[in-house]
Amino acid sequence: MIYSKVYSLSFDDFFRLEKFKVKRSKTALLSYLMCLSLIAMTTLNFIYTKSYLSIIICAIILILINFYTIYMIKIKTRLTVRKRLNNDIGMLGRNEVKIYNDSIEFKGVPINKDETVIEVVYPYALCSAIIECDRYYYFVIGDDIRILPKLEIQPSYRTEVNETLKRNINYIKVK
């Protein structure tokens, strides 16, 4: 075993995960491409027809697209996280992570001694992706995404943990 740590996740951790998923989704890319194509078509239309009405209509449509994108990133993401956390309050509980050379283990930490906990060991080959961001490591396993905050890793172990995760074929660093 390379590293073991007990940590708790907060609402903001899940909110950043959902925000990351929305920004990387096709919805954000599609709205960006729609804005660019709309600007190009409006510019060409204005050059040929000299009509200011097309610029006004384009501006209104761009504002609507931007409001929808902001809604998707900020408001809907926050509502999704609240709904998910209300359905499963255990997601905010204490977790233990153990990082090995060939696998990672996630385990819930019981509050009472009589509680049962879920302990799951994932070989790195089973992970669809190990995504490193500014503040987190995301382990994508099927439909599930596990979060490991970088700040929870002790500074003396960070380089060793980072090197272990970088060795995997599924490792992706995202800015």
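Right above here is the structure, for reference.
Scope of this entry: the structure provided in the associated data block. (Residues numbered from 1 in each chain as written. Predicted model: local features only at pLDDT ≥ 70, side-chain atom pairs only at ≥ 80, totals over all residues. Heavy atoms only, no water.)

**Structural notes on empty space enclosed by the protein**
Next up, step 1: Under the definition given, this model contains two cavities of 30 Å³ or more.
Next up, step 2: Within this model, the largest cavity holds a volume of roughly 40 Å³.
Next up, step 3: As for the largest cavity, its lining consists of Val22, Thr27, Ala28, Ser31, Tyr68, Thr69, Met72 and Ile73.
Next up, step 4: It is helix α3 (residues 52–87) that contributes the most residues to the lining of the largest cavity, four residues altogether.
Next up, step 5: Taken together, the residues of the lining of the largest cavity sort by class into five nonpolar, three polar and no charged.
Next up, step 6: The computed volume of the second largest cavity comes to approximately 30 Å³.
Next up, step 7: Lining the second largest cavity are Phe14, Leu17, Glu18, Val81, Arg84 and Leu85.
Next up, step 8: Breaking the lining of the second largest cavity down by element, the ones donating at least two residues are α1 (11–23) and α3.
Next up, step 9: In terms of residue class, the lining of the second largest cavity is made up of four nonpolar, no polar and two charged. (1 Å grid on protein atoms, 1.4 Å probe; cavity = no way out; pocket = protein on both sides within 12 Å on 5 of 7 lines; lining within 4 Å. Points joined across faces, edges and corners; volume = space filled by probe spheres on them. Helix = DSSP H or I, 4+ residues; strand = E, 2+ residues; numbered from the N terminus. Nonpolar A, V, L, I, M, F, W, Y, C, P; charged D, E, K, R; others polar.)

**Looking at the layout of surface pockets**
Next up, step 1: One number sums up the size of the largest pocket: a volume of about 790 Å³.
Next up, step 2: Broken down by secondary-structure element, the contributors of at least two residues to the lining of the largest pocket are α1, β2 (94–99), β3 (103–108) and β7 (144–149).
Next up, step 3: Ranked by residue count, the leading element in the lining of the largest pocket is β7, at four residues.
Next up, step 4: When its residues are assigned to classes, the lining of the largest pocket shows 16 nonpolar, six polar and nine charged.

**Describing the sheet that holds strand β1 (residues 3–8)**
Next up, step 1: Taken in spatial order, the four strands of this open sheet run β1-β2-β3-β4, and their pairing is antiparallel. The two strands at the open ends of the sheet, each matched to only one other strand, are β1 and β4 (119–123). With strand direction ignored, the average angle separating the axes of adjacent strands in the sheet is 15°.
Next up, step 2: Bridge count between β2 and β3: five bridges; the pairing is antiparallel. Each bridged residue has a counterpart across the sheet, and for Glu96 the counterpart in β3 is Lys107. (Pairing = 2+ DSSP bridges. Axes fitted to C-alpha atoms, helices over the stretch in contact; angles between N-to-C directions.)

Function cannot be read off these values alone, since they describe shape.
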